[in-house]
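Descriptive structure summary
Single-letter residue listing:
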Amino acid sequence: MAKGPNQKLKILYLMKILLEETDETHSISMPEIIAKLSSYGITAERKSLYSDMESLRQYGIDIIGEHQERTYYYRVVNRRFELAELKLLVDSVQSAKFITAGKSNELIKKIEGLASKHEASQLQRQVYVAQRIKTMNESIYYNVDAIHGAIADNEQIRFQYFQWNVKKKTELRHNGAYYQVSPWALSWDDENYYLIAYDNAAGKIKHFRVDKMLRIESVKERREGREQFKEFDMAVYARKVFGMYGGREEIVKLCCENSLVGAIIDRFGKGVSIIKEDEQHFSVSVKVVVSNQFIHWVMALGAGAKIIGSESVVAEVKEEICRLAKQYE
C-alpha cells in the first residue's frame with residue numbers, strides 16, 4: 001500500500017482526531033479512526049495505531065478503550081481543562097468590557113479548540129457578546145501586553161490619552177501631548193482595565209483606563225516611584241479606591257444595620273473589624289480613598305448605613321447632599 005505525503009505526521013493526526021472527536025461521553029471506533037486518517041492522506045494499520053496510542057498515553061494523553069456491542073471504542077478523558085472550566089473562561093471573556101467584541105469572538109474560538117467538537121458546541125455563546133457594552137479600542141489587547149513588557153523591563157512608558165465628546169467622537173486630552181509615567185500594576189475594576197502608575201511630574205500615583213490609551217511606547221528610562229510602591233498591595237489598594245477615582249486616604253467610620261454586614265465584608269474583606277453597637281447595629285472603621293464615588297457607595301446602601309467619622313468626611317457628605325438637593329430643585 002502506497003504511503004501518503006503526510007505519513008510521518010500520523011501520530012500527530014491521530015492525536016488531533018482523538019482530541020477533536022472524543023470526550024467523556026463521545027467515543028470513536030478503530031475503523032472510524034482509520035477512515036479519518038485516510039481523509040488526511042495517511043494510511044494506517046490497526047497494529048501500528050495500537051502502538052501510536054500507547055505512545056500518546058506515555059506522552060500524557062489519557063486515552064481509554066472499551067467494548068460496546070462487539071466493537072472497541074476509544075476516547076480521551078481527563079483533559080487539561082474540564083468543560084466547566086472552559087465555560088468559566090468563555091464567560092470571563094464575554095464579561096470583560098475592556099475586550100472588544102471582535103477580539104472576544106477570536107478568544108472564544110481559541111478556547112473552543114481546547115475542547116472536543118461536541119463540547120465546543122456548548123461554548124458557542126458569542127451571541128451574548130454583541131449585546132454587551134464593549135470597548136471599541138481594538139489595540140487594548142496589545143496595550144496590556146506592552147504595559148506588562150515595560151513593567152518586566154523596569155521602563156517608563158509614554159502614550160496619548162483620549163476621551164469622548166458629546167458628538168460621540170474621540171478627542172485627545174492635553175491637546176494630543178504624550179503622558180509619560182512609570183507603570184507598576186494593572187487592575188481590573190468596575191468592568192474596566194486600569195493602569196496604576198507613578199507620575200513623577202505630579203509626584204503621585206495615577207490611574208489610566210487602558211482602553212483609552214493610544215500609541216503606547218516604552219521609554220528607555222528606569223521607572224520612578226519605587227518607594228511609593230515598595231509595599232504596594234493591589235488587593236488592599238482596590239478595596240480603598242472606589243471606581244478608580246483619586247482622593248485623600250483616610251480612616252472612615254461607618255454605622256450600619258446588621259443586615260448590611262455582607263455588603264461590608266464583600267467590599268472590605270473578612271479581615272475588617274466589626275464592632276457591635278447595639279442589637280440592630282454595628283460599626284466599622286475602614287481606610288478608604290475619600291471621593292464622591294465612596295460617598296455615593298455608602299448612600300446606595302440606603303437608610304441602614306451612615307458615615308459617622310471623621311468630622312471632615314461627614315462635612316463632605318453634608319455638602320454633597322446639599323449639592324444634590326439644589327441640583328434636583
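First, a word on scope: everything that follows refers to the structure included in this document. Everything numeric here is computed off the predicted structure, so don't read it as measured data. Throughout this description, residue numbers start from 1 for each chain and increase along the sequence as written. Only residues with pLDDT of at least 70 are given local features in this predicted model, and only at 80 or more are side-chain atom pairs given and counted; all residues enter the totals for whole chains, interfaces and linings. Note that water and hydrogens are dropped before the side-chain values are worked out from all heavy atoms of the structure.

This next bit is on the overall build of the protein chain. For the purposes of this entry, the term helix denotes a DSSP run of H or I that reaches at least four residues, the term strand denotes a run of E that reaches at least two, and both are numbered from the N terminus. Within the protein chain one finds 11 helices and 13 strands. Note on method: radius of gyration uses C-alpha positions; expected globular size equals 2.2 Å times residues raised to 0.38. Taking 2.2 N^0.38 as the reference for a compact globule, 329 residues should give roughly 20 Å; the C-alpha atoms of the protein chain span a radius of gyration of 28 Å, well beyond that estimate. Referenced to the eigenvectors of the C-alpha coordinate spread, the extents of the protein chain come out at roughly 90 × 55 × 40 Å. The contact definition used throughout considers only heavy atoms, calling two residues in contact when any of these lie within 4.5 Å. Sequence separation of 24 or more characterises 66% of the internal contacts of the protein chain that already satisfy a separation of 6 or more. Carbon and sulfur atoms provide 50% of the accessible area of the protein chain, an area that totals close to 19700 Å². Using a 1.4 Å probe, accessible areas were evaluated by the Shrake-Rupley method; residue-level cover was limited to the displayed protein chains.

For the rest of this paragraph, the subject is the state of the cysteines. The disulfide criterion used throughout: a pair of cysteine sulfur atoms within 2.5 Å. Summed over the entire model, instances satisfying the criterion amount to 0 disulfides. Of all cysteine sulfurs in the structure, the one in Cys-255 sits closest to Cys-256, which takes part in no disulfide; the separation is 6.6 Å. The class for Cys-256 is buried, based on a relative accessible area of 0%. Burial classification: accessible surface area is computed with a 1.4 Å probe over protein chains only, and a residue below 20% of its type maximum counts as buried, one above 50% as exposed, and the rest as partly exposed.

Basic side-chain nitrogens of Lys or Arg form a salt bridge, by our definition, when they fall within 4 Å of a carboxyl oxygen of Asp or Glu. Under the defined criterion, the tally for this structure stands at 18 salt bridges. Between Glu-24 and Arg-75 there is a salt bridge, with its nearest N and O atoms 3.7 Å apart. With Glu-24 in the loop between α1 (10-21) and β1 (28-29) and Arg-75 in strand β3 (residues 71-76), this pair connects stretches of sequence that are 51 residues apart. Note that Glu-106 and Lys-103 form a salt bridge whose closest N and O atoms lie 3.0 Å from each other. Of this pair, Glu-106 and Lys-103 both sit in helix α5 (residues 101-112), 3 residues apart, which is roughly one turn of the helix. You can call Lys-103 buried: its relative accessible area is 9%. A cluster of three or more residues bridged by salt bridges with shared partners is formed by Glu-21, Lys-36 and Lys-117.

This brings us to the nonpolar core. Ranked by internal contacts, the top residues of the largest apolar core, which has 29 residues, are Ile-147, Ile-157, Phe-159, Leu-195, Phe-208, Val-210 and Met-213. For this core, the secondary-structure elements that each account for two or more residues are α4 (83-95), α5, α7 (140-152), β4 (155-164), β6 (179-189), β7 (192-199) and β9 (213-222). Each residue touching Phe-159, except ones within four places of it in the same chain, is listed here: Ala-177, Tyr-178, Tyr-179, Val-181, Leu-195, Phe-208, Met-213, Leu-214, Arg-215 and Ile-216. Put simply, a nonpolar core is a bunch of buried Ala, Val, Leu, Ile, Met, Phe, Trp, Tyr and Cys residues held in one set by side-chain atoms that sit within 4.5 Å of each other. With 21 residues, the next largest nonpolar core counts Val-272, Val-284, Val-286 and Val-288 among its residues.

Before going further, it helps to spend a moment on the sheet that holds strand β10 (residues 248-257). Taken together, 4 strands build an open sheet; the order of strands is β11-β12-β10-β13 and the sheet is antiparallel. Two strands lie at the open edges of the sheet, namely β11 (274-276) and β13 (305-309), each paired on one side alone. When the angles between neighbouring strand axes are averaged without regard to direction, this sheet yields 35°. Running at roughly 135° to β13, helix α11 (residues 311-327) makes contact with β10, β12 (281-290) and β13 of the sheet. Whether two strands pair depends on DSSP finding at least two bridges between them. Lines fitted to C-alpha atoms define the axes, with helix axes restricted to the stretch in contact, and inter-axis angles between N-to-C directions lie between 0 and 180 degrees.

This next bit is on the packing of aromatic side chains. Between rings of Phe, Tyr and Trp, where Trp is taken as its six-membered ring, a pair exists when centres lie within 6.5 Å; planes separated by under 30 degrees are stacked, by over 60 edge-to-face, and by other angles tilted. Tallied over the entire structure, the rule returns 12 aromatic pairs. With 5.7 Å between their ring centres and 70° between their planes, Tyr-161 and Tyr-179 make a pair best called edge-to-face. Residue Tyr-161 is found in strand β4, and its partner Tyr-179 is found in strand β6; the two are separated by 18 residues along the sequence. Each member of the pair, Tyr-161 as well as Tyr-179, carries the same accessibility label: buried. Three or more aromatic residues joined by ring pairs make a cluster, and in this case those are Phe-159, Tyr-161, Tyr-179 and Phe-208. Against the face of Tyr-178 rests Arg-158, its NZ or CZ located 3.8 Å from the ring centre. The criterion is that NZ of a Lys, or CZ of an Arg, lies within 6 Å of the ring centre and within 35 degrees of the ring normal, and then a charge sits over that ring.

This paragraph deals with the side chain of Asn-143. Structurally, the position occupied by Asn-143 is in helix α7. Residue class for Asn-143 comes out buried when judged on its relative accessible area of 7%. Within the local environment of Asn-143, its side chain forms a polar contact with the backbone oxygen of Val-210, the two atoms lying 3.3 Å apart. Think of a polar contact as two N or O atoms within 3.5 Å of one another; within protein, one of them needs to be a possible hydrogen donor and the other a possible acceptor, and neighboring residues in sequence only count if both atoms come from side chains.

With that settled, consider the pairing of β10. Inspection of the sheet shows β10 paired to β12 by 10 bridges, in the antiparallel sense. By the bridge assignment for β12, Glu-250 is matched with Val-288. As paired elements, β10 and β13 share 4 bridges and run antiparallel to each other. By the bridge assignment for β13, Cys-255 is matched with Lys-306.

This part is about the packing of α1 against helix α2 (residues 30-39). At a closest axis distance of 10 Å, the pairing of α1 and α2 adopts a crossing angle of 120°. Judged by the angle between their axes, α1 and α2 are oblique. When the axes of α1 and α2 are compared, the crossing they make is right-handed. In this structure, α1 uses Lys-10, Tyr-13, Leu-14, Ile-17, Leu-18 and Glu-21 to contact α2, whose residues at the interface are Ile-33, Lys-36 and Leu-37. Per-class residue counts for the contact of α1 with α2 are 6 nonpolar, no polar and 3 charged. Working definition: roughly parallel below 35 degrees, roughly antiparallel above 145 degrees, roughly perpendicular at 65 to 115 degrees, and oblique for all remaining angles. Handedness of each helix crossing follows the sense of rotation of the near helix against the far helix: counterclockwise by less than a right angle gives left-handed, clockwise gives right-handed. Any residue that is not Ala, Val, Leu, Ile, Met, Phe, Trp, Tyr, Cys, Pro, Asp, Glu, Lys or Arg is counted as polar, Gly included; the first ten are nonpolar and the last four charged.

Residues that lie three or four places apart on an α-helix share one face, since the helix turns once every 3.6 residues. With 12 residues, α1 extends 16 Å between its outermost C-alpha atoms, agreeing within 8% with the 16 Å of an ideal straight helix rising 1.5 Å per residue. For α1, the set of buried residues is Lys-10, Leu-14, Ile-17, Leu-18 and Glu-21. All buried residues of α1 project into a common sector of 95° when viewed along the axis, lining one side. In this structure, the buried residues of α1 make contact with β1, α2, α3 (46-59), β2 (63-68), β3 and α6 (117-120). Helix span, as expected, comes to 1.5 Å for every residue beyond the first. The arc under discussion is defined with respect to the helix axis, by the directions toward the C-beta atoms.

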